[in-house]
Amino acid sequence: MADLIRANLLSPIVLAFALGVVAKLIRSEFTLPKDLYVALSIYLLFAIGLKGGVELSQTPLSTFWLPAVATLAVGVLTPVLSYIALRQLGRFSVADSAGIAAHYGSVSAVTFIAAQEFVASAGTPAEGFLPTLLTLLEAPGIHVALAIGVVQASRARAAAPASEARAAIHSEHAHWSETLRAVLTGRTMVLLVGGLIIGLLIGERGWEPVRPFFEGGFRGALTIFLLEMGLLAAERLGDLRRVGAFLLGFGTLMPLVNGAVGVALGHWAGLSPGGAAVLGTMAASASYIAAPPAVRLALPEANPTYYLTLALGVTFPFNLIVGIPAYHQMALWLAR
Amino acid sequence: MADLIRANLLSPIVLAFALGVVAKLIRSEFTLPKDLYVALSIYLLFAIGLKGGVELSQTPLSTFWLPAVATLAVGVLTPVLSYIALRQLGRFSVADSAGIAAHYGSVSAVTFIAAQEFVASAGTPAEGFLPTLLTLLEAPGIHVALAIGVVQASRARAAAPASEARAAIHSEHAHWSETLRAVLTGRTMVLLVGGLIIGLLIGERGWEPVRPFFEGGFRGALTIFLLEMGLLAAERLGDLRRVGAFLLGFGTLMPLVNGAVGVALGHWAGLSPGGAAVLGTMAASASYIAAPPAVRLALPEANPTYYLTLALGVTFPFNLIVGIPAYHQMALWLAR
Amino acid sequence: MADLIRANLLSPIVLAFALGVVAKLIRSEFTLPKDLYVALSIYLLFAIGLKGGVELSQTPLSTFWLPAVATLAVGVLTPVLSYIALRQLGRFSVADSAGIAAHYGSVSAVTFIAAQEFVASAGTPAEGFLPTLLTLLEAPGIHVALAIGVVQASRARAAAPASEARAAIHSEHAHWSETLRAVLTGRTMVLLVGGLIIGLLIGERGWEPVRPFFEGGFRGALTIFLLEMGLLAAERLGDLRRVGAFLLGFGTLMPLVNGAVGVALGHWAGLSPGGAAVLGTMAASASYIAAPPAVRLALPEANPTYYLTLALGVTFPFNLIVGIPAYHQMALWLAR
Amino acid sequence: MRMKLVTIVVEPVLEPRITAALKSLGATGWTVTEARGTGSRGTRMGEVPGEGRRIETVVSATAAGRILTYISDHYFADFAIIAFVSDVEVLRGEKYGADT
Amino acid sequence: MRMKLVTIVVEPVLEPRITAALKSLGATGWTVTEARGTGSRGTRMGEVPGEGRRIETVVSATAAGRILTYISDHYFADFAIIAFVSDVEVLRGEKYGADT
Amino acid sequence: MRMKLVTIVVEPVLEPRITAALKSLGATGWTVTEARGTGSRGTRMGEVPGEGRRIETVVSATAAGRILTYISDHYFADFAIIAFVSDVEVLRGEKYGADT
Ligand SMILES: Nc1ncnc2c1ncn2[C@@H]1O[C@H](COP(=O)(O)O)[C@@H](O)[C@H]1O
Ligand SMILES: Nc1ncnc2c1ncn2[C@@H]1O[C@H](COP(=O)(O)O)[C@@H](O)[C@H]1O
Ligand SMILES: Nc1ncnc2c1ncn2[C@@H]1O[C@H](COP(=O)(O)O)[C@@H](O)[C@H]1O
Ligand code: NA
Ligand code: NA
Ligand code: NA
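Criteria and cut-off values
- Residues numbered from 1 in each chain as written.
- Chains lettered and ligands numbered in written order.
- Predicted model: local features only at pLDDT ≥ 70, side-chain atom pairs only at ≥ 80, totals over all residues.
- Heavy atoms only, no water.
- Helix = DSSP H or I, 4+ residues; strand = E, 2+ residues; numbered from the N terminus.
- Rg over C-alpha atoms; globule rule 2.2 N^0.38 Å.
- Buried < 20%, exposed > 50% of the residue type's maximum accessible area, 1.4 Å probe, protein only.
- Contact = heavy atoms within 4.5 Å.
- Donors = N, O, S within 2.8 Å, 3.2 Å for Na, K, Ca; no water.
- Buried area = accessible area lost by both parts, 1.4 Å probe.
- Polar contact = N/O pair within 3.5 Å; in protein donor to acceptor, adjacent residues only side chain to side chain.
- Nonpolar A, V, L, I, M, F, W, Y, C, P; charged D, E, K, R; others polar.
- Near = heavy atom within 4 Å.
- Areas by Shrake-Rupley, 256 points an atom, 1.4 Å probe, with all protein chains shown as cover.
- Salt bridge = Lys/Arg side-chain N within 4 Å of Asp/Glu carboxyl O.
- Axes fitted to C-alpha atoms, helices over the stretch in contact; angles between N-to-C directions.
- Parallel < 35°, antiparallel > 145°, perpendicular 65-115°, else oblique.
- Left-handed = near helix turned anticlockwise from the far one by under 90°.
- Phe/Tyr/Trp six-rings, centres within 6.5 Å; stacked < 30°, edge-to-face > 60°.
- Lys NZ or Arg CZ within 6 Å of the ring centre and 35° of its normal.
- Expected span 1.5 Å × (residues − 1).
- pLDDT = per-residue confidence, 0-100.
- Least-squares fit on C-alpha atoms with pLDDT ≥ 70 in both.

Asks: Is there a simple way to think about the overall build of chain D in this case?
Replies: The helix and strand inventory of chain D stands at 2 helices and 4 strands. Its helices and strands in sequence order give chain D the pattern β-α-β-β-α-β, from N to C terminus. The C-alpha atoms of chain D give 14 Å as radius of gyration, which agrees with the globular expectation for 100 residues (13 Å, within 12%). Dimensions of chain D along its principal axes, counting C-alpha atoms only, are 40 × 25 × 20 Å. Residues classed as buried in chain D amount to 62% of the 100 residues present. Looking at chain D alone, contacts between residues at least 24 apart form 77% of all its contacts between residues at least 6 apart.

Rendered as structure tokens:
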């Protein structure tokens, strides 16, 4: 395992991430143009969607439904566990707890990709339908957590003046469907689900001509993307103090708990060690693309410094460097 | 042929286009960054220019001049036919008729590329000098149509107060040369003509080192570009009602007429079935990059909703899905 | 040699540069989106950094230290020579002389890349550690020149009212460290040095998976980048008259002098003819990315029209077309 | 005609909500530019830090008042936002809902 | 010195024409930003829907008048455009053609 | 509350210096947009020609005065820059350092 950890630390993507962090620490003016960041994320998401679809076209449905159930279970369990930890142990407000839980209930596509690369280079590649599971996990966790947040908050308001409470509930209803639609129709979902369906329809034959673009360039593009992730993560480092010791602990221990849940459910569902490790990583990862705007709109009183700093500045690097090898190890143990 | 149509419907580019349309229909916030759209179009245009130039360097001039004449004939015939249909049958104003005719007289490079891909995958690739014909067709159609528009409009104004008419004619002259220059020096022409000349000069040997970039990535980049085209086309769907039944019919029947003209002229000029099909597609396609700004400046009273909706929302998808296989079939018939 | 010059003139990158110039001369509205320009430069710099690092991982330190010394000598000699030429022969102000000298003391990464491509296609590839030398040359020349400028300027001010002089010196100190940090932490340095270190760490094995992206696409991306360089250089042509005959001469002769210095030092340090030619090109080239903002901030009274027009509009095209083959020839002579 | 120019700088996530509100509060149009900003909440407005939207709309004085009230009621507490109003002279004021 | 700030938001295709006109109508400079907009013609200003240009120029009151007249004469009928004027205080007013 | 809006358009290289100065001169925030421009120095503001930054800040009248003085003292001689001030009405003026 020491070998794998070293190999992971010396992989281009981890090193590129580190370069981004260092660049920010030495206060370099260097940034990626925003459109390049968006272009790379479009490329990466569409590429894993397409490739996942092509592989799905060769997967019998029978091998697929148990892992799908496991994924949905992850989507319910991880936000609930996260909420309880924050609210009961951390004594955070309902809004903050639910807002953070929404991030941990959803999934970070880049962390997913990093895990796929890791298990592949460890000689235990994941099943080809994992990207399909990824699309299943994007939305539910966010909605479970937001639902908890909104219900708990309106309970709290029951004591408040009636007219105010009514107005609040009214506007919550209006915004709820807006938020739900925004997540389901966001960039990530359009590209992943769309890519999957296209991949499914074109199959191996249609994939061949576009493969040099979507597969040949993938790892290089990912490297540049992680450079930008390093810059973004380091941007958050200044806020670590504001976030407090409890949340720092949460940002590293919660992934381990959620990751273990994911690995265990994956194992139960019959996934290979590589597949279980990737599902564990999905469970452990915190969304920083789909979740933040949804939480911002649905729970505006939740403090964005908390959830952005945790997702980007703590949990993302933690998973990239420590988490993924750990979930992989867990999966290997279970598989013995 | 049913096979080819199915294969076409299941090609990555048609599916990516459909994904863009669906994303817009479900009111997704997803868009491609504007700079990515421009970057991809620069890449695609330069790539076909370069490749066309390299292949032109192996074409004897003797095989090339008849097709060139056919292309110029397309550039005169299609805008005139389109103008007559709109003005006589549709009773549209001079400006609207000429404005729309300018779009149908010019050519859509993306439709051209889609046709090239289609005939190649149908086993009847087009001649290597087709990109050269593309550059010949870009400008003339626009100018023929605008000339009709401006001449007819000033005739109409002969009855108007003399001083006004003079002022109008004066400013028309000033703008005319501006418009002409803008089309001839626009992005499309710079990249296509420039690419052709460079390709011609570097030949096969100079092409080798840049080939992985310009050829290997071509189809993948095209796929992402068509995703954006789907978004843009769907953006126009809301205007279909405003456009009226006549124009909807025009947007689907006129391409068939113009396409038949193009295929016939291509056949007459000795093009292979693949080449004639691509020339037919060029004739049938409506420009939505070079023509709109030219028309906007030269015929400001023409309604942009008409020509943009027709070119992007009707004729582009029509050609992509129905037209190209149809022109290909026409070309095969003629070749028998 | 005539062959090589012709081959150089007919290389995709020189032709793409020419296309950019022509597009601007015919007053085309065509431009590359700014973000594409930045994205390409990030890609190119990171790619040469990475590749240089991978090759450095196979270089014994012993072969490397003499060339490093030669490079630092270039970094001191070329700005001093340039300053003397401008101040003594050209009678330019201290600020203008130092500002221009800072550009010629530093290095243009694109010219470096063009030289690498040239010597490789001439069958005399440069040593793999040349990118490392590139990073050594980026900063020193700028600082040597700026130091000359600031010291000389404050000497001049010794006669001026004491309080003013003190204020000026005070603000110079404040800005000095700002400028130094800006150069050392700028985009070029982060990507080159960062890429080198990553390349060194990942070695051949880690390079393999990202190679298609960073090596396969390199020459094509470079071609598009040079198209933009042509547009930018041509943008400066209008200022050639304002720059005057002396500076035009300087912009073509100084590179020959600096280039000869670089080639000679490279030869002395044991570089192969290809390597010496590339070091000569580095010495001859004028920075137009790192130097301009540094000079703008440290020597605001230096006229930007001078240094931008020289670096971009004169010396860059000169080196691309004439200089590189010339330095290569010098290196071959010395090696005989 | 004398009208008011209301300028609002806000986190990107609110753009659709605010433009929808502008419409219902009497604005007949608006112009949006991408902006970066720093304020009391630091430089964080979007997915990429500091990113924001600058929305400006020419409206009648009464509509301007309604817009400011709406903004301050709904967003001042929880969002990174600023709104300010200036006097502008515009042709065809009726097109933009000038008070009569 | 008291001057006028003229702001014009317009479809991209008109940018070169309008800046050329600004020059001949007395503007000594201008600043352009990319903008998106919605107005009476919906959100379509260019090739990519909603794209537009926001042009602003500091000029004398008389130049401001000339510019507004020019815009309304040439473009109000057929183009997606808005123009408005506000008062600004600027140093070195003569540099920008201040009325004397 | 009545405040001043100071708008500065400047070469990109000066952005960090100027925003740092704004802070020390009493601005509590600012908004930056990417701009292109033409002025007495032609269209050259950045690495890519014409590129510039448009910085705007809502401040008290006294801070506005300090900012203009600072700009004209430090940058008018050598840099491509314009600064102008207009009156704006803003809610929560104290947040932006309103004079009292
Ligand atoms: N004084 C100001 N002048 C101009 N823009 C400001 C000012 N204060 C805040 N802003 C803008 O409003 C956004 C939100 O401000 P805040 O809510 O104070 O963090 C900032 O990101 C800036 O873009
Ligand atoms: N009331 C308004 N306030 C600010 N900008 C406007 C307004 N109305 C229109 N615009 C801008 O002017 C452009 C053209 O407007 P229109 O000609 O009404 O379609 C729009 O796309 C907006 O960018
Ligand atoms: N009259 C003006 N109105 C608006 N912006 C201007 C004006 N003059 C100059 N500018 C802006 O200020 C920058 C520098 O101007 P200058 O120092 O005159 O070259 C220009 O690039 C424009 O962006
Ligand atoms: Na998760
Ligand atoms: Na056509
Ligand atoms: Na040099």
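Asks: How do you make sense of the coordination of the sodium ion (ligand 4) when you look at a structure like this?
Replies: Think of it this way: four donors in a tetrahedron around the metal ideally sit 109.5 degrees apart, and six in an octahedron ideally sit 90 or 180 degrees apart. All names here are of chain A. Taken together, the protein donors to the sodium ion (ligand 4) comprise Y104 (O), S106 (O), M282 (O), A283 (O) and S285 (O), at separations of 2.4 to 2.8 Å. For the sodium ion (ligand 4), all donor residues lie on one chain, and their spacing in sequence is Y-x1-S-x175-M-A-x1-S. Residue Y104 is located in helix α5 (residues 94-105), and its partner S285 is located in the loop between α13 (273-284) and α14 (291-298); the two are separated by 181 residues in the primary sequence. In terms of burial, Y104 and S285 fall into one category: buried.

Asks: When you look at the interface of chain C and chain A in this model, what are you seeing that I'm missing?
Replies: A common way to express how large an interface is: the accessible area buried when the components associate. In this complex, chain C contributes 21 residues to the contact, which on the side of chain A involves 26 residues. Buried area between chain C and chain A, both sides added, is near 1900 Å², and the carbon and sulfur share of it is 79%. Of all residues in chain C, R181, V190 and F213 of chain C bury the most surface against chain A, accounting for 24% of the area lost on that side. Taken together, the links from chain C to chain A amount to 1 residue pair in polar contact (both at pLDDT 80 or more). Contributing elements (two or more residues each) for the side of chain C that touches chain A: α3 (34-56) and α10 (187-216) of chain C. The dominant element in the side of chain C that touches chain A, judged by the number of residues it contributes, is α10 of chain C, at 14 residues. Residue composition of the side of chain C that touches chain A, grouped by class: 14 nonpolar, 4 polar and 3 charged.

Asks: I would appreciate a short explanation of the site of ligand 2 in the present structure.
Replies: Taken together, 20 residues surround ligand 2, and among them T31, V58 and K95 of chain D together with S40 and R41 of chain E come closest. Mapping the residues near ligand 2 onto chains gives chains D and E. Between ligand 2 and T31 of chain D, the relevant distance is 2.8 Å, taken from an oxygen atom to a side-chain nitrogen or oxygen of the residue. Across the complex, the protein chains shield 99% of the 480 Å² of accessible surface that ligand 2 would expose by itself. Put simply, the parts of the chain that give the shell around ligand 2 at least two residues each are β2 (30-38) and β3 (51-59) of chain D together with β2 (30-38) and β4 (81-90) of chain E. Per-element tally for the shell around ligand 2: the top contributor is β3 of chain D, with 3 residues. In terms of residue class, the shell around ligand 2 is made up of 9 nonpolar, 8 polar and 3 charged.

Asks: Quick question: what am I supposed to make of the interface of chain F and chain C here?
Replies: Each side of the interface is counted separately: chain F has 13 residues, and chain C has 15 residues. The interface formed by chain F and chain C includes 3 salt bridges. Among the ionic pairs, E34 of chain F bridges to K34 of chain C, the shortest N-O distance being 3.8 Å. Class assignment of the residues belonging to the side of chain F that touches chain C gives a composition of 6 nonpolar, no polar and 7 charged.

Asks: What should I look at first to understand the coordination of the sodium ion (ligand 5) in this one?
Replies: All names here are of chain B. All of the protein donors around the sodium ion (ligand 5) are Y104 (O), S106 (O), M282 (O), A283 (O) and S285 (O); their distances to the metal are 2.4 to 2.9 Å. Between consecutive donor residues of the sodium ion (ligand 5), the sequence gaps follow Y-x1-S-x175-M-A-x1-S. The class for M282 is buried, based on a relative accessible area of 0%.

Asks: How should I be thinking about the site of ligand 3 in this particular structure?
Replies: Ligand 3 sits among 19 residues. The nearest are T31, V58 and K95 of chain E together with S40 and R41 of chain F. Proximal residues around ligand 3 fall on chains E and F, making this an inter-chain site. Within the backbone of G29 of chain E, a nitrogen or oxygen atom sits 3.4 Å from a nitrogen atom of ligand 3. Contact with the protein chains covers 99% of the free accessible surface of ligand 3, which is 480 Å². Elements that contribute at least two residues to the shell around ligand 3 include exactly β2 and β3 (51-59) of chain E together with β2 (30-38) and β4 (81-90) of chain F.

Asks: Help me understand unusual backbone geometry in this model?
Replies: For residues that are not glycine, phi is negative in most cases, and the peptide bond is trans in most cases. Not every positive phi belongs to a glycine, and R91 of chain C is a case in point at roughly 60 degrees. Mapped onto the elements, R91 of chain C comes out in the loop between α4 (65-89) and α5 (94-105). R91 of chain C gets classed as exposed once you look at its relative accessible area, which sits at 63%. Unusually for a residue other than glycine, R92 of chain E sits at a positive phi of about 55 degrees. Along the chain, R92 of chain E falls in the segment after β4. A residue is classified by how much of its surface remains accessible, and R92 of chain E, at 22% relative accessible area, is partly exposed.

Asks: It is not clear to me how the packing of helix α6 (residues 109-121) of chain C against helix α7 (residues 130-138) of chain C should be interpreted in this structure. Could you clarify?
Replies: If you want to describe how two helices pack, look at the angle between their axes and the distance between the axes. All names here are of chain C. Contact geometry of α6 with α7 gives a least axis separation of 11 Å together with a crossing angle of 160 degrees. The orientation of α6 with respect to α7, classified from their angle, is roughly antiparallel. Note that α6 runs across α7; the crossing there is right-handed. On α7, the residues touching A109, F112 and Q116 of α6 are L130, P131 and L134. Class assignment of the residues belonging to the contact of α6 with α7 gives a composition of 5 nonpolar, 1 polar and no charged.

Asks: How should I be thinking about the packing of aromatic side chains in this particular structure?
Replies: The geometry of two aromatic rings is summed up by the distance between their centres and the angle between their planes. This model, assessed by the stated rule, comprises 42 aromatic pairs over all chains. Ring centres of Y104 of chain C and F250 of chain C lie 5.1 Å apart, and the angle between their planes is 80 degrees; on these two criteria the pair is classed as edge-to-face. Here Y104 of chain C is found in helix α5, whereas its partner F250 of chain C is found in helix α12 (residues 240-268), with 146 residues between them in sequence. On the basis of relative accessible area, F250 of chain C is assigned to the buried category, the value being 5%. Each member of the aromatic cluster is reached from another via a ring pair, and the members are Y43, F46, W207, F213 and F214 of chain A. Its end group placed over the ring of F76 of chain E, R92 of chain D keeps NZ or CZ at 3.5 Å from the ring centre.

Asks: I'm lost on the arrangement of the chains in this one. Help?
Replies: Separated without contact, chain C and chain D have their nearest C-alpha atoms at a distance of 14 Å. Nothing in chain A touches chain E; the tightest C-alpha to C-alpha distance between them is still 14 Å.

Asks: Sorry if this is basic, but what is going on with helix α2 (residues 12-25) of chain B here?
Replies: With 14 residues, α2 of chain B extends 20 Å from end C-alpha to end C-alpha; this agrees with the ideal 20 Å at 1.5 Å per step. Where burial is concerned, most of α2 of chain B is hidden: 10 out of the 14 residues are buried. Here α2 of chain B has its buried residues at P12, I13, V14, L15, A16, F17, L19, G20, V21 and A23 of chain B. Check the buried side of α2 of chain B and you find it contacts α3 (34-56) and α10 (187-216) of chain A together with α1 (2-9), α6 (109-121), α11 (218-237) and α15 (304-335) of chain B. Following α2 of chain B by one or two positions, R27 of chain B adopts a phi angle in the positive range, close to 55 degrees.

Asks: What's the story with the confidence of the model for chain A in this structure? I'm lost.
Replies: The predicted structure's coordinates, where accompanied by low pLDDT, should not be read in detail. With 94% of its residues at a pLDDT of 70 or more, chain A has an overall mean of 91. When the elements of chain A are averaged for pLDDT, helix α9 (residues 162-184) of chain A gives the smallest value, 62, and α13 of chain A the largest, 98.

Asks: What am I meant to see in the relation of the copies chain C and chain A here?
Replies: Between the two chain copies there is a screw-like relation: a rotation about an axis and a shift along it. Superposition record for chain C on chain A: RMSD 0.0 Å, screw rotation 120 degrees, translation along axis 0.0 Å. In symmetry terms, the pair is related by a three-fold rotation axis. The C-alpha atom lying nearest the rotation axis in chain C is that of D35 of chain C; the distance is 3.9 Å. Of all interface residues in chain C, a mere 5% are interface residues in chain A too; the two copies therefore contact each other through different surfaces.

Asks: Is there a simple way to think about the packing of helix α12 (residues 240-268) of chain B against helix α13 (residues 273-284) of chain B in this case?
Replies: Residues and elements named next belong to chain B. Orientation of α12 relative to α13, taken along the N-to-C sense of each, is 145 degrees, at an axis distance of 7 Å. When you trace α12 past α13, the crossing you get is right-handed. Seen from α12, the contacting residues are P255, N258, G259, G262, V263, G266 and H267; seen from α13, they are A276, A277, L279, G280, A283 and A284. Here the residues of the contact of α12 with α13 are counted per class, giving 7 nonpolar, 6 polar and no charged.

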